[in-house]
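Structure assessment
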Amino acid sequence: MQPTFKSMRHDGTVKRGEANSVRLEDIHERPGFNIVRDYNSPKYQEDVDALVAYLEAGGTVEALEVVPRAEGGVWVVQGHTRRFAFKKMDERGTLPRTPNKDDPTILEAWVSVKPFVGNDAEQLLRQATSTKRAEVDVLGLGRVYNKLLGFGWTPQQIADRSGEKLATIQRILTLAGGNTDVHEMVKAGEVKPTIAAQAVKTHGDKAGAVLGAALVEAKAIGKTRVTNAVLKPKRIPEALVERLIASLRKVAHEIDGFSDDEKELLAVLAEIDGVRA
């Protein structure tokens, strides 16, 4: 039988005071659930360490949002980084523990929680709408949005429920559909997600090669990442184009015979005249 918060308060899993609280050991992470953050990235580890320092200095955080776990305890829906920080503090011996009321030799660490109400898709979306302390990355959002599409949601539904613009959702989904080489460049900070998404939209499977070439060009002029200025073709000044056309016309008028190359020149000039007509 699936436990409820009422039954867990009755069996002692949940303690009720000013707020519900659960022992740290009874708070679990559902395998494969939190796909919005890359746990192995240096940035994520920095976020956890920063939160640990904040808490150890006396800072406070909101209660974790959880749902009952059939096997006992609760699953985290929102608050994974806080859970990691609490566990790290516990390993360092800086997380407060209090004696168990029945056996004072047992020290317990109680963490504030609040019930999350919503189905599995809504629990997944909650990851994407949470930006407390830990910065949500665009690639992680793409993983969440793609999974919601698998639940049968439309991009418009995701936009409505997340509070984002439809264009933003579509751009993130476009980037999510890019190849690994594009994603690795985004992770490395070599290209902004918005520029990468546009490259995927324009070049498809070749986006990685296009961005890679643009990165080489950017580094050659002292930049560290791809910018629109590097990626977009350079526009030849109109005055220079006019001078070139005038010179070509002069050459064309001086031609006596017509070789294949000369015929091609005349054809190009005629095409230019057609465009301008």
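An account of the accompanying structure is given in this report. (Residues numbered from 1 in each chain as written. Predicted model: local features only at pLDDT ≥ 70, side-chain atom pairs only at ≥ 80, totals over all residues. Heavy atoms only, no water.)

**What about the pattern of salt bridges?**
Under the defined criterion, the tally for this structure stands at 13 salt bridges. When the shortest N-O distance is used, the salt bridge between Lys88 and Asp49 registers 2.4 Å. Within this pair, whereas Lys88 is found in helix α3 (residues 80-92), its partner Asp49 is found in helix α2 (residues 42-56), the two being separated by 39 residues in sequence. In this structure Asp49 comes out as partly exposed when scored by relative accessible area, which is 36%. Through salt bridges that share partners, Arg23, Asp26 and Glu108 make up one connected network. (Salt bridge = Lys/Arg side-chain N within 4 Å of Asp/Glu carboxyl O. Helix = DSSP H or I, 4+ residues; strand = E, 2+ residues; numbered from the N terminus. Buried < 20%, exposed > 50% of the residue type's maximum accessible area, 1.4 Å probe, protein only.)

**Points about the packing of helix α8 (residues 180-187) against helix α10 (residues 207-220)**
In contact at an axis separation of 8 Å, α8 and α10 are set at 40 degrees when each is read in the N-to-C sense. With respect to their mutual orientation, α8 and α10 come out oblique. For the crossing formed where α8 meets α10, the hand is left-handed. Packed against α8, whose contacting residues are Asp181, Val182 and Met185, the element α10 presents Ala207, Gly208, Ala209, Leu211, Gly212 and Leu215 at the interface. A per-class count over the contact of α8 with α10 returns 6 nonpolar, 2 polar and 1 charged. (Axes fitted to C-alpha atoms, helices over the stretch in contact; angles between N-to-C directions. Parallel < 35°, antiparallel > 145°, perpendicular 65-115°, else oblique. Left-handed = near helix turned anticlockwise from the far one by under 90°. Contact = heavy atoms within 4.5 Å. Nonpolar A, V, L, I, M, F, W, Y, C, P; charged D, E, K, R; others polar.)

**Describing the packing of helix α7 (residues 166-176) against helix α9 (residues 193-203)**
Closest axis-to-axis distance for the α7/α9 pair is 8 Å, and the angle between their directions is 70 degrees. Comparing their axes, α9 and α7 come out roughly perpendicular. Seen from above, α7 lies across α9 with left-handed handedness. Here Arg171, Thr174 and Leu175 of α7 come into contact with α9, specifically with Pro193, Thr194, Ala196, Ala197, Val200 and Lys201. In the contact of α7 with α9, the residues fall into 5 nonpolar, 2 polar and 2 charged.

**Side note on α3**
End to end, α3 covers 19 Å across 13 residues, agreeing with the expected 18 Å (1.5 Å per residue, within 8%). Turning to α3, its buried residues number three or more, namely His80, Thr81, Arg82, Arg83, Ala85, Phe86 and Met89. Each element contacted by the buried residues of α3 is listed here: β3 (27-28), α2, β4 (64-68), β5 (74-78) and β8 (110-115). Gly93 sits one or two residues past α3 and shows a positive phi near 80 degrees. (Expected span 1.5 Å × (residues − 1).)

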